[in-house]
Structures are given as structure tokens and as C-alpha cells.
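Each chain, letter by letter, is given below.
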Amino acid sequence: MRTIGFLGGMSYHSTILYYSQINAHVQRRLGSPHAASLILRSFNFADVAPLFTSNDWPAITSKFIAAAKDMKAAGADGLAIGCNIGHRIAAEVEAGAGLPVVHIADGTARAVREHGLKRVGLLATKAAMEEDFIKGRLMASGGLQDILVPESQDRDKMDGVIFDELSGGNPSEDTKQWMDRLVRELIDRGAEGLVLACTDLQFVVSPDAHGIPVFDTLELHARDLAEWVMREQ
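What you see is a predicted model, and the numbers here were worked out from it, not measured in a lab. (Residues numbered from 1 in each chain as written. Predicted model: local features only at pLDDT ≥ 70, side-chain atom pairs only at ≥ 80, totals over all residues. Heavy atoms only, no water.)

Concerning the overall build of the protein
The condition that has to hold: Helix and strand definitions follow DSSP, with helices as H or I runs of at least four residues and strands as E runs of at least two, each counted in order from the N terminus. Using C-alpha atoms as the atom set, the radius of gyration is obtained and then compared with a globule rule of 2.2 Å times the number of residues to the power 0.38. A simple rule labels every residue: compare its accessible area, found with a 1.4 Å probe on the protein chains alone, to the largest value its type can have, and call it buried under 20%, exposed over 50%, or partly exposed in between. We call two residues contacting when some pair of their heavy atoms lies within 4.5 Å. All accessible-area figures derive from a Shrake-Rupley calculation using a 1.4 Å probe, and residue coverage is judged against the displayed protein chains alone. As used throughout, the charge tally considers Lys and Arg to be positive and Asp and Glu to be negative, leaving His and the chain termini uncounted. By convention, the charge on Lys lies at NZ, on Arg at CZ, on Asp at CG and on Glu at CD.
When you go through the protein residue by residue, the secondary structure sums to 10 helices and 7 strands. Computed over its C-alpha atoms, the radius of gyration of the protein comes to 17 Å, within 12% of the 17 Å expected for a compact globule of 233 residues. Principal axes of the C-alpha set define a box for the protein whose edges measure 50 × 40 × 30 Å. The buried share of the protein, taken over its 233 residues, is 52%. Contacts spanning at least 24 positions in sequence make up 74% of the contacts within the protein whose residues lie at least 6 apart. Split by element, the accessible area of the protein, about 10,100 Å² in all, is 46% carbon and sulfur. On the protein, the mean spot of the 23 positive side-chain charges and the mean spot of the 31 negative ones are 5 Å from each other.

Section: the packing of aromatic side chains
Convention followed: In this analysis, rings of Phe, Tyr and Trp, with Trp reduced to its six-membered ring, are considered paired at centre separations within 6.5 Å, and the interplanar angle assigns stacked below 30 degrees, edge-to-face beyond 60, and tilted for intermediate values. A ring has a charge above it when a Lys NZ or an Arg CZ is no more than 6 Å from the ring centre and no more than 35 degrees off the ring normal.
Counted under the stated rule, the structure contains 5 aromatic pairs. Here the aromatic rings of Phe52 and Trp57 are separated by 5.8 Å at their centres, their planes lie at 55°, and the arrangement is tilted. In terms of burial, Phe52 and Trp57 fall into one category: buried. Put simply, the rings of Phe45, Phe52, Trp57 and Phe163 pair up and form one aromatic cluster. In this structure, Arg2 is placed above the aromatic ring of Trp228, and the distance from its NZ or CZ to the ring centre is 3.9 Å. Sitting over the face of the ring of Trp178, Lys157 holds its NZ or CZ atom 4.3 Å from the ring centroid.

A few points about the side chain of Asp224
Basically, it comes down to this: What qualifies as a polar contact is a pair of N or O atoms within 3.5 Å, subject to a donor-acceptor requirement within protein and to the restriction that residues adjacent in sequence count only when both atoms come from side chains.
Tracing the backbone shows Asp224 in helix 10 (residues 217-230). A distance of 3.2 Å separates a polar atom in the side chain of Asp224 from the backbone nitrogen of Gly107.

Focus: the pairing of strand 2 (residues 37-42)
Applied cut-off: Note: two strands are recorded as paired if DSSP finds a minimum of 2 bridges between them. A right-handed crossover is one whose linking path, passing over the helix from the first strand to the second, runs clockwise when the strands point away from the viewer.
Of the strand pairs in this sheet, strand 1 (residues 3-8) and strand 2 are connected by 6 bridges, and their pairing is parallel. Across the sheet, Phe6 pairs through a bridge with Leu40, a residue of strand 2. What joins strand 1 to strand 2 is helix 1 (residues 12-30), and the crossover it makes is right-handed.

Here's the deal with the environment of Met139
On the secondary structure map, Met139 appears in helix 7 (residues 132-142). As a C-alpha pair, Met139 and Ile85 span 54 residues in sequence and 17 Å in three-dimensional space. Setting aside residues up to four positions removed in sequence, Met139 forms contacts with Leu144, Gln145, Asp146 and Ile147.

Topic: the nonpolar core
So the rule is basically this: Remark: nonpolar core denotes a set of buried residues (Ala, Val, Leu, Ile, Met, Phe, Trp, Tyr, Cys) joined through side-chain atoms within 4.5 Å.
Ranked by size, the top nonpolar core spans 83 residues in total, and within it Met10, Phe52, Phe64, Leu122, Leu123, Leu138 and Met179 carry the most contacts. Here this core gets 8 residues from one element, more than from any other, and that element is helix 10. Ignoring sequence-local partners within four residues, the contact set of Leu122 consists of Ala128, Met129, Lys135, Leu138, Ile147, Leu148, Val149, Pro150, Leu186, Leu194, Val195 and Ala197.

Things to note about helix 10
As a reminder of what qualifies: To estimate how far a helix should reach, multiply one less than its number of residues by 1.5 Å.
Taking 1.5 Å of rise per residue, the 14 residues of helix 10 would be expected to cover 20 Å, and the 20 Å separating its terminal C-alpha atoms lies within 8% of that figure. With 11 of its 14 residues buried, helix 10 lies for the most part within the structure. For helix 10, every residue scored as buried is listed here: Thr217, Leu218, Leu220, His221, Ala222, Asp224, Leu225, Ala226, Trp228, Val229 and Met230. Of the residues that open helix 10, the one with a side-chain oxygen 2.9 Å from the backbone nitrogen of Leu218 is Asp216.

The values are spatial; any link to function lies outside them.
Below is the structure:
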């Protein structure tokens, strides 16, 4: 079994889900008492979130690479970044640490392609909805013709909701209703499926509420990570 170095704590609520789902998948495949070989570096999100919201990518890159090098020294064979927005610098972390990064978008791209969808809606941080580090990978590998995102004013609002509210694990009823509206609007514009490209969005978006497939990048990434650690060296 290979060892994955996991950059987590973004938020700790989603990191708990990652840890649980990775190990549950390993145990389903290999039986009890097997679990993943995993090294966790959990950040204080209060320190990391301001760097994301201020687009201080040099500071984030330095922080991630330093942690990844520590995990490599401790025996990690590969890396996982436990948030979508952190994959904006996945290539830099991979090069700086000298370890492969298991990318969060790849499992989702395969799932979308297997469903035969051509147009999906995307909910994520503002950067992930507007830049190509998630969208480009989904388009290239998912067989998609279009990725739909909310209107500009809703994209502007999303980071505040994610970093100030969802990361605390206690979303308001107003936020749940707002997210519901965003999903309905994406469906009205032609979305055949929905990609949740933020690891905290599953706390406010029900996978069964709208009658279309929902692809949660956290769940699909956790499955990929479990499969990765079970491969031979």
C-alpha cells in the first residue's frame, strides 16, 4: 500500500469526511481491519482562508510546499490537497515537493463522462467558477461542451458564504434557500448535472433535491485517493 500525504483543515468538517470516506472505501475493497496509509497535515483554516480570499498565492504555495516536503520526509509517496481552490497551485506543489498530486477534478471528470453529459452546472468558489484550474480539467477530460456558472453577483457572493459560513459547519436557512435558487437557475439554463467543486457545498446542496445527477468532488476525490493508496508501488 502506498502512503498519501493529505493537506487538510480546509475546512476541518470536510477533512473529517475525507478521512472517513477514504478509509471506508479501502475497507470495502480489502476488508477489515484494513485502512489507508495516510499522513495528515491539518491547517488552521483561520490562517489559510485570508490567503485564499486575498489571492495571496505565493504565500499559499510556500505553505503547501513546506507541509508537503515534511510529509514526504515522513514517508508520503503522493499528495492530496483537500480543497478545490488549492488545486489552483497543484502543479507548483507537485514540482516543489517532488511528489505527484492526485487531482481533485479527475474523478469528477470521469464520472461526468460515464454519465454521457454535455452540459453541467458548477458551484464553487469565485476563482474556481471563473478560472480554468477546475473547469479546464473537467472540459478536457469530461467530454463536456459547456460548464454553466451562476451570474456575476452570485459568484461575487459565494466566497463570503463559503469562507465565513460553510467553513464553520452551520449554514443558515437563507443560505440553503439561496443555493437552491442557484441550482434551479442552472437547470433552467440547460444544466444536465451539477458539479459541487467546493468540499463544503455538500452541507447545503442535497444530491436528491432537483432530479439531476450531482457530482461531489470531495466524494469522488476520496474514492480516487483510496484507489491510489491501494495500488502497488
